[in-house]
Amino acid sequence: MEWASQLCENRGLGSKMTDSKYFTTTKKGEIFELKAELNSDKKEKKKEAVKKVIASMTVGKDVSALFPDVVNCMQTDNLELKKLVYLYLMNYAKSQPDMAIMAVNTFVKDCEDPNPLIRALAVRTMGCIRVDKITEYLCEPLRKCLKDEDPYVRKTAAVCVAKLHDINAQLVEDQGFLDTLKDLISDSNPMVVANAVAALSEIAESHPNSNLLDLNPQTINKLLTALNECTEWGQIFILDCLANYMPRDDRESQSICERVTPRLSHANSAVVLSAVKVLMKFMEMLPKDLDYYGTLLKKLAPPLVTLLSAEPELQYVALRNINLIVQKRPEILKHEMKVFFVKYNDPIYVKLEKLDIMIRLASQANIAQVLAELKEYATEVDVDFVRKAVRAIGRCAIKVEQSAERCVSTLLDLIQTKVNYVVQEAIVVIKDIFRKYPNKYESVIATLCENLDSLDEPEARAAMIWIVGEYAERIDNADELLESFLEGFHDESTQVQLQLLTAIVKLFLKKPTETQELVQQVLSLATQDSDNPDLRDRGYIYWRLLSTDPVAAKEVVLAEKPLISEETDLIEPTLLEELICHIGTLASVYHKPPSAFVEGSRGVQHKRIPARAGSGESAESSDVGQSGPSEAPPAVIPSQGDLLGDLLNLDLAPPTATVPSVQPSMQMGAMDLLGGGLDSLMGDESDTLGGDIGGSPSMGAGLGVAPAAMPTALGIAPAVGGGLGDLFDLGGGVGMPTGSYVAPKTVWLPAMKAKGLEISGTFARRGGIIQMDLTLTNKAMSVMTDFAIQFNRNSFGLAPAGPLQVLTPLSPNQTIDVSLPLSTSGPVMKMEPLNNLQVAVKNNIDVFYFSCQYPLSLIFVEDGKMERQVFLATWKDIPNDNEAQFQIKDIHLNSDAASNKLQGSNIFTIAKRTVEGQDMLYQSVKLTNGIWVLAEMRIQTGNPNYTEMELSIKCRAPEVCQFVFLCYELVLKN
Amino acid sequence: MIHSLFLVNASGDIFLEKHWKSVVSRSVCDYFFEALERATEPENVPPVIPTPHHFLINVLRHRIYFVAVIQSEVPPLFVIEFLHRVVDTFQDYFGVCSEAAIKDNVVVVYELLEEMLDNGFPLATESNILKELIKPPTILRTVVNTITGSTNVGEQLPTGQLSVVPWRRTGVKYTNNEAYFDVVEEIDAIIDKSGSTITAEIQGVIDACVKLTGMPDLTLSFMNPRLLDDVSFHPCVRFKRWEAERILSFIPPDGNFRLLSYHVSSQNLVAIPVYVKHNISFREGSSQGRFELTLGPKQTMGKAVESVLVSSQLPRGVLNANLSPSQGTYTFDPVTKLLSWDVGKINPQKLPSLKGSVSLQTGASKPDENPTINIQFKIQQLAISGLKVNRLDMYGEKYKPFKGIKYMTKAGKFQVRT
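Each chain has its residues counted from 1, running along the sequence as written. Labels are handed out in written order, letters beginning with A for the chains and numbers beginning with 1 for the ligands. This being a predicted model, a pLDDT of at least 70 is required before a residue's local features are given, and a value of 80 or more before pairs of side-chain atoms are given or counted; all residues contribute to the totals for chains, interfaces and linings. For the side-chain quantities, the full set of heavy atoms in the structure was used; hydrogens and water were omitted.

Participant: Tell me about the overall build of chain A, and name the residues and values.
Facilitator: Every helix listed is a DSSP run of H or I at least four residues long, and every strand listed is a run of E at least two residues long, numbered separately from the N terminus. The secondary structure content of chain A amounts to 39 helices and 13 strands. Considering only intrachain contacts with a sequence separation of at least 6, the fraction spanning at least 24 residues in chain A is 69%. For every accessible area listed, the method is Shrake-Rupley and the probe measures 1.4 Å; residues are considered covered only by the protein chains on display. Surface accessibility of chain A: about 39500 Å² in total, with carbon and sulfur atoms responsible for 51%. Residue contacts are counted whenever heavy atoms from the two residues lie within 4.5 Å of one another.

Spelled out as structure tokens, the structure:
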């Protein structure tokens, strides 16, 4: 179902065409003219016509209408014409399978031609015609070609097996082609061996456990021999295949390494990197005291350095891989720091990678150079790069203790430049330096304080506040400084608010006499005037701690902080091992295991570095541990949240008069709503590119991040505050469901866009089952068969729950109605607009794409009626910013009729009350992904002419509100 | 393997597409266009772009983006190297690799692409082999073809395709047998404010043009082979012989090819041939800044430094420059803030200089960034690393070839910080 994979990219189909003297727009007349020329008696004219057809094809024009005429030109002894026809065939055979059969005879005949070039060309082209029917005819010629006397034909045939496998895997197995292919690994010609390996590797990718590439010392020997003699591309295939082999012992490992090493001098960078992969993997097995091991380490550096003098694209890929290599074996490149120095006109993607590696290689020996460079970079033009350079200085300070002082003074110099973003970035990293080296550099605090006013980024503000709080006893005017932040407390971001709260509490604990007022102020701001549960919770905890046991408070708040680790963004060792086995691949560029992103790798084997044989297992593991600082278990900062979680579990009575209106456990239930649901809605996988380097050890918001031990009390509302219920009129008139509203079908895919297939449709939810009702009309002249459907990822994971059931062929002018059941368990990707659905429909002619929008009520679930108390708590808990107001006009319904109608679409009325002639309906909706939407609807009673309703919708995911409103409107108006 | 290739021109139009497996809709390039829009400069487009179902790997050459579409796990370098080969082949066939040239020869381009890749596997990428399969277009051949009705497509299996020397065809004949080697070295360097070298390295290549009859077997030896400890060879070079004797022994391809490239990074071996004295200063509160540049030769082994071109990206706040060069011409583009000075040859007796003032935009504060100065130059008859060819011998054929060796040093990325 390859076609479906194109679906996603098919947004908009906005094809841009260029004009050129060759390509005037396709008019009817032009096709007609070409047709005549193709059928001309004159050979020259024919050839010119085919060339024109090919030219149109290159720019993506549809010239499939000429299929029979072009195929007629195939029977020729003119090789160029034949090749051109073949080019055409490969492109269009799929859309004209019946006609493609016409070509089979010529192929079969050509496979017997005395000229090996023609035999190879025929078998190669035949394999490219992705039509099932042709494959049967292909088997015999292919079998012959695999055993052809000419190696050129054999190597072409080897690739053809992979092509055929892609079309019809079963056929290839049944016909025994896989065994023939395996035999070709022992072929006398190195090119044939290389192609056989490439074909087998590709096939093996779809059969992870097939053991197709059964590597043993004999085959390895053959591969190594072929390695020296085949083309550069063949060398890549063979090296990648070798990398999967597990040598039996260190001697075999060494002999393979010795025979692979010359590849490091190859001009083709892909060969070099594949060789590096093999060596990196196999050297793991070598005893470290072996002379050869040291030699090998030395040999690895120059080729890696050479890659960096290549074009920027190659550099980028090389740098991503070097990043892995220096984490695994820093000793290889430890003397090569300078090649990573940034040139000012390097593309930005190269600059950022180089910077990352510079920090990884930074050591006491080279830190002076590195710092001088980083300082230089901090004056560059590109803001992202400058920021990263400043952060890098901080990371150096943390990594190389001896350099910390110099780093701090460099940072101070940078702060003197007064360039706003440099100053802010510097303050953020100085905070980390303070964490790492407590009580060492406070002398700089005065300078930092001078820049207080220029800080406008939350991270920098939070860092500065942390510093003031942490060193409150040494800053005379700490209270003034913090107070100045407090003025705009509500406008600050959460990060800053939390930090400010903690800092003031610290200040209070250190200087209790002067700051009582201040601490009162911040506690009440945090607990009473804030909607943020994190902030409120933290405020209460401090409040209780301070009021019950100030000594304990001191111990908790001013506790000694655990050290931050020196390397914050090391790749986790097992992942690193796996990635080392994938050097040179996409996985190594993205620093993610292949299983994480490569589609079509149906089941990826996790590759492992071989363990060293011979030595005892325990010795082996410690060996690995010594190979570099990277393996040292990084000192992890225990999440301070854990501490808080424990505190929360203590059953403490509310300390002061300010009783929270809802009990904590209930709030948590509400908070949990936002957990999974929102994540999946926001889930955005686009940011896969580029490892983030900016990792300063985050400690800022450590406190008060939602504790891990959050009770998942969803829906089980504790019986709280009976008085609250009085708000609701218990007799909320809710009638029986009347069934959901189904919109009339609209045309989604007009016939002219889909070669005669018209699709119109609508969506419905019937008894909890989502259905897509489709009407397919054949407006073309020929019969349509083989229908299938697929969806692109979408916001709520809609996916067909079964195949598209069009059992009989659709003859011209025939119309058929189908109902396709849908599930919501498909892959999720946020769409724009949220309810957009991109669909691919396939038939025997082609694949067509369209997008449509579904009413959000499609994913309102039947159990969406919320308990009242939960409703009230949740309503309060959702920040007012998330509330959206709407008006619905021209509605002639009373409130009961309205709620009846809405219930049909799973919008449930929980309660109703009447205030001053207005009916207020409280309603809840739950989406399939667990998101709750709450609504308040106000309807004027008693006045049948008054036709306006007001609607307030609240949801944790505010982008949903608009679509929920549209559902209201749709349901109420129909 | 490689699924499809799209060629995109500078204005963002797809002007050619080729599919080696099933057809991938060109709308896949929308993701590329998004990345292109985000990039501040054309060359800042990330080389690997993920899309939901494919990966796009692109290179920018001759103002054309070559965008390859892949679907499964494929080594990105493999794809990039292949794209380079495509670019080289176009250049080889059409003289230039430009949108116009590609469009004019669209059928040959298509035939070539088909020959270079089969089902995503590289098939024939050696220019020698390709030229036997598909003859490069020449005006003469086009005329002859129209008269005689013969074709551009070779009818026979290329001889080199499967031999142990796939890079060379058999039956090569020349009346004048000649072999020329160019040793070209580029210096990449970063020089700091005070004039001391931060990094310097040499990227060297030996490019050859060999037109010899038959199957000649050549050996090339160096006076000082120890210089070459980091080398990449053309596949024709016998690696074992190099390892053992430090001699290049090979059967050369026919025509132009790169015999080897090498890298000299050891600092003491890299001479810096020019120096720059600079004084670019702005005063706080003044809208005028001073600008002075003087160039001079440093370690040139007595050779002349020629074709000198100085360029520098001045700070954004600079409005205009009013300078006078002692020789050559200078231009300043007030939009891009690019200053370039075409110096020509450096005369050690009378050092070239560029002096004057630069004006800042009114109200602009003193610029934070320090401009970097980029220098290009050429030195004929000198390999700055000191590499020297000792002798070239030919075995296997009887005639006496004409031999020639040329040396040249150029600036690569030669940057001076201020």
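What follows continues from the structure just given.
Participant: Can you lay out the overall build of chain B for me, pointing to particular residues and giving the numbers?
Facilitator: When helices and strands are tallied, chain B shows seven helices and 23 strands. Per-residue accessibility, obtained with a 1.4 Å probe over protein chains only, is compared with the maximum for each type, and a residue is labelled buried under 20%, exposed over 50%, and partly exposed between these values. Sorting the 418 residues of chain B into buried and exposed places 59% on the buried side. Residue pairs in contact within chain B that sit at least 24 positions apart in sequence constitute 68% of those at least 6 positions apart. For chain B, the accessible surface area stands at approximately 16900 Å², while carbon and sulfur atoms represent 51% of it.

Participant: Which residues make up unusual backbone geometry, and what values do they have?
Facilitator: Residue Pro833(A) is reached from Glu832(A) by a cis peptide bond, and omega for that bond is -5 degrees. Tracing the sequence through the fold places Pro833(A) in the loop between β6 (815-823) and β7 (836-842). Phi at His62(B) is positive, roughly 50 degrees, even though this residue is not glycine. Considering the arrangement of structural elements, one finds His62(B) in the loop between β4 (55-61) and β5 (64-70). The residue Lys337(B) is not glycine, and still its phi comes out positive at about 65 degrees. You can see Lys337(B) is positioned in the loop between β18 (329-333) and β19 (338-344). For Lys337(B), a relative accessible area of 11% gives the class buried.

Participant: So what's going on with the packing of aromatic side chains? Which residues, and what values?
Facilitator: All names here are of chain A. Only centres within 6.5 Å qualify two rings of Phe, Tyr or Trp (six-membered ring in Trp) as a pair; their planes then separate them into stacked at under 30 degrees, edge-to-face at over 60, and tilted for everything else. This model, assessed by the stated rule, comprises 28 aromatic pairs over all chains. The interplanar angle of 45 degrees and the centroid separation of 5.9 Å between the aromatic rings of phenylalanine 67 and tyrosine 88 together place this pair among those described as tilted. Placement of the pair is phenylalanine 67 in helix α4 (residues 67-72) and tyrosine 88 in helix α5 (residues 79-92), with a sequence separation of 21 residues. Exposure class is identical for phenylalanine 67 and tyrosine 88. Each is buried.

Participant: Quick rundown of the sheet that holds strand β12 (residues 247-250) of chain B? Include the residues and the values.
Facilitator: Hydrogen bonds along the backbone pair up the strands of a sheet, which may run parallel or antiparallel. Residue and element names in this part refer to chain B. Should DSSP find at least two bridges between two strands, the strands are regarded as paired. The strand order across the open sheet built from three strands is β12-β10-β22, with neighbouring strands paired in antiparallel fashion. Since the sheet does not close on itself, it has two edges, and those belong to β12 and β22 (389-395), each with one partner. On average, each strand axis in the sheet is tilted by 15 degrees relative to the strand beside it, whichever way the strands run. All axes are obtained by fitting lines to C-alpha atoms, using only the stretch in contact for helices, and the reported angles, taken between N-to-C directions, cover 0 to 180 degrees.

Participant: How would you sum up helix α16 (residues 269-282) of chain A? Please name residues and give values.
Facilitator: Every helix has an expected span of 1.5 Å times one less than the residues it contains. With 14 residues, α16(A) ought to run about 20 Å at 1.5 Å a step, and its terminal C-alpha atoms sit 20 Å apart, in line with that. Two N or O atoms count as a polar contact when they lie within 3.5 Å, although within protein this holds only if one can serve as hydrogen donor and the other as acceptor, and sequence-adjacent residues are included solely when both atoms are side-chain atoms. The backbone nitrogen of Ala270(A) has a side-chain oxygen 2.9 Å away, supplied by the residue at the start of α16(A), namely Asn268(A).

Participant: Mind laying out the interface of chain B and chain A, listing which residues take part and the relevant values?
Facilitator: Contact residues are listed per partner, giving 107 residues for chain B and 109 residues for chain A. Here the quantity called buried area is the total loss of accessible area, with a 1.4 Å probe, experienced by two parts when brought into contact, counted for both. Between chain B and chain A, the buried area comes to about 9800 Å², and carbon and sulfur atoms account for 56% of it. The working definition used for a salt bridge is a side-chain nitrogen of Lys or Arg within 4 Å of a carboxyl oxygen of Asp or Glu. At the junction of chain B with chain A, the criterion picks out 11 salt bridges. One salt bridge connects Arg85(B) with Glu232(A), and the closest N-O pair in it is separated by 2.7 Å. Across the chain B-chain A interface, the total number found is 23 residue pairs in polar contact (both at pLDDT 80 or more).

Participant: I'd love a proper account of the sheet that holds strand β2 (residues 757-766) of chain A, names of residues and values included.
Facilitator: One open sheet accounts for five strands, arranged β1-β2-β3-β6-β5 (chain A); its pairing is antiparallel. Edge positions in the sheet fall to β1 (746-749) and β5 (799-800) of chain A, since each has one partner strand and no second.

Participant: So what's going on with the packing of helix α8 (residues 132-146) of chain A against helix α11 (residues 177-184) of chain A? Residues and values would help.
Facilitator: Residues and elements named next belong to chain A. Packing of α8 against α11 leaves a shortest axis separation of 11 Å and a crossing angle of 15 degrees. Regarding the angle of α8 to α11, the classification is roughly parallel. Like other packed secondary-structure pairs, α8 and α11 cross with a definite hand, here left-handed. Counting all contacts with α8, which are made through Cys139, Leu142, Arg143 and Leu146, the residues of α11 involved are Phe177, Thr180 and Leu184. Partitioning the contact of α8 with α11 into residue classes produces five nonpolar, one polar and one charged. Angle categories are assigned with fixed cut-offs, so that under 35 degrees is roughly parallel, over 145 is roughly antiparallel, 65 to 115 is roughly perpendicular, and the rest are oblique. Note: crossing handedness is left-handed where the near helix turns anticlockwise from the far helix by less than a right angle, and right-handed where it turns clockwise. Asp, Glu, Lys and Arg are counted as charged, while Ala, Val, Leu, Ile, Met, Phe, Trp, Tyr, Cys and Pro are counted as nonpolar; the rest, among them Gly, fall into the polar class.

Participant: Which residues make up the pattern of salt bridges, and what values go with them?
Facilitator: Residue and element names in this part refer to chain A. Within the structure shown, the criterion is met by 60 salt bridges over all chains. Arginine 143 is the salt-bridge partner of glutamate 140, the closest N and O atoms lying 3.3 Å from each other. Placement of both glutamate 140 and arginine 143 in helix α8 is noted, with a separation of three residues, approximately one turn of the helix. Given the relative accessible area of 29%, arginine 143 is considered partly exposed.

Participant: Outline the confidence of the model for chain B, supporting the account with residue identities and numerical values.
Facilitator: The predictor attaches a confidence to each residue, and that confidence, scored 0 to 100, is pLDDT. Predicted confidence across chain B gives a mean pLDDT of 87, with 93% of residues reaching 70 or more. Reported confidences for the modelled complex are a pTM of 0.68 and an ipTM of 0.85.

Participant: Residues and numbers for the side chain of Lys163(A), please.
Facilitator: Along the chain, Lys163(A) falls in helix α9 (residues 151-167). The exposure class assigned to Lys163(A) is buried, which follows from its relative accessible area of 2%. Here the side chain of Lys163(A) touches Arg124(A) through a polar contact of 2.8 Å, landing on its backbone oxygen. Lys163(A) has contacts with Arg124(A), Gly127(A), Cys128(A), Asp118(B) and Asn119(B), leaving out every residue within four places of it along the chain.

Participant: Could you give an account of the environment of Lys954(A), naming the residues involved and the relevant values?
Facilitator: Residue and element names in this part refer to chain A. If you trace the backbone, lysine 954 turns up in strand β13 (residues 949-955). Non-local contacts of lysine 954, meaning those with residues more than four positions away in its chain, are made with Trp875, Ile878, Pro879, Asn880, Asn882, Glu883, Trp932, Val933 and Leu934. Polar contacts involving the side chain of lysine 954 include one to the main-chain carbonyl oxygen of isoleucine 878, which spans 3.0 Å.

Participant: Lay out the side chain of Ser232(B) in plain terms, naming residues and giving numbers.
Facilitator: Considering the arrangement of structural elements, one finds Ser232(B) in strand β11 (residues 231-233). Its relative accessible area of 8% is what places Ser232(B) among the buried residues. Among all residues touching Ser232(B), those that are not within four sequence positions of it are Ser265(A), His266(A), Ala267(A), Thr306(A), Leu259(B), Leu260(B) and Ser261(B).

Participant: Give me the lowdown on the pairing of strand β10 (residues 217-222) of chain B, citing residues and values where you can.
Facilitator: Within a regular beta strand, the side chains point alternately toward one face of the sheet and then the other, so they alternate between its two faces. Residues and elements named next belong to chain B. For β10, the tally of buried residues reaches five of six residues, placing the bulk of the element in the interior. Two elements, β10 and β22, share six bridges in a ladder whose sense is antiparallel. Residue pairing in the sheet places aspartate 217 in a bridge with tyrosine 395 of β22. As paired strands, β10 and β12 are joined by four bridges and run antiparallel to one another.

Participant: With reference to specific residues and values, describe the nonpolar core.
Facilitator: Residues and elements named next belong to chain B. Put simply, buried Ala, Val, Leu, Ile, Met, Phe, Trp, Tyr and Cys residues joined by side-chain atoms within 4.5 Å make one nonpolar core. Phe66 and Phe90 are the most contacted members of the largest nonpolar core, which has 283 residues in total. Contact partners of phenylalanine 66, with chain neighbours within four places excluded, come to Leu5, Phe6, Leu7, Ile57, Asn58, Val59, Arg61, Leu83, Val86, Val87, Phe90 and Cys97. Counting 73 residues, the second-largest nonpolar core is a separate cluster that includes Ile206, Cys236, Val358 and Ile375.

Participant: Give me the lowdown on a negative patch on the surface, citing residues and values where you can.
Facilitator: Patch criteria: residues need more than 30% relative accessible area and no salt bridge. Like-charged residues are merged within 9 Å; nonpolar side chains of Val, Leu, Ile, Met, Phe, Trp and Tyr are merged within 5 Å. Counted as positive: Lys and Arg. Counted as negative: Asp and Glu, with His and the chain ends omitted from the count. The location of each charge is read from NZ of Lys, CZ of Arg, CG of Asp or CD of Glu. On the surface, a cluster of negative charge is contributed by Glu480(A), Glu483(A), Glu487(A) and Glu517(A). Tracing the backbone shows Glu483(A) in helix α26 (residues 478-486).

Participant: Please give an account of α5(A) that cites residues and values.
Facilitator: Residue and element names in this part refer to chain A. Between its terminal C-alpha atoms α5 stretches 20 Å, which fits the 20 Å expected from 14 residues at 1.5 Å a residue. Summarising burial for α5: 14 of the 14 residues are buried, a large majority. At the N-terminal boundary of α5, the capping side chain belongs to asparagine 78, with an oxygen 2.9 Å from the backbone nitrogen of glutamate 80.

Participant: Describe the confidence of the model for chain A, listing the residues and the values that go with them.
Facilitator: Interpreting fine coordinate detail is not advised for predicted regions of low pLDDT. Across chain A, pLDDT averages 77, with 81% of residues at or above 70. Ignoring residues within four places in sequence, the model shows residues 1-22 of chain A, a span with pLDDT below 50, making 70 contacts including any to other chains.

Participant: Before we move on, can you summarise the pairing of β2(A) with the specific residues and values?
Facilitator: Residues and elements named next belong to chain A. For β2, a buried count of nine out of 10 residues is recorded, marking the element as mostly surrounded by other parts of the structure. Bridge count between β1 and β2: three bridges; the pairing is antiparallel. Its bridge partner lying in β2, threonine 746 is registered against glycine 761. Pairing of β2 with strand β3 (residues 769-778), which is carried by 10 bridges, proceeds in the antiparallel orientation. Within β3, the position partnered with glycine 761 by the bridge is leucine 774. In this structure, the hairpin formed by β2 and β3 is closed by a connection of two residues, where glycine 767 is found at a positive phi of approximately 55 degrees.

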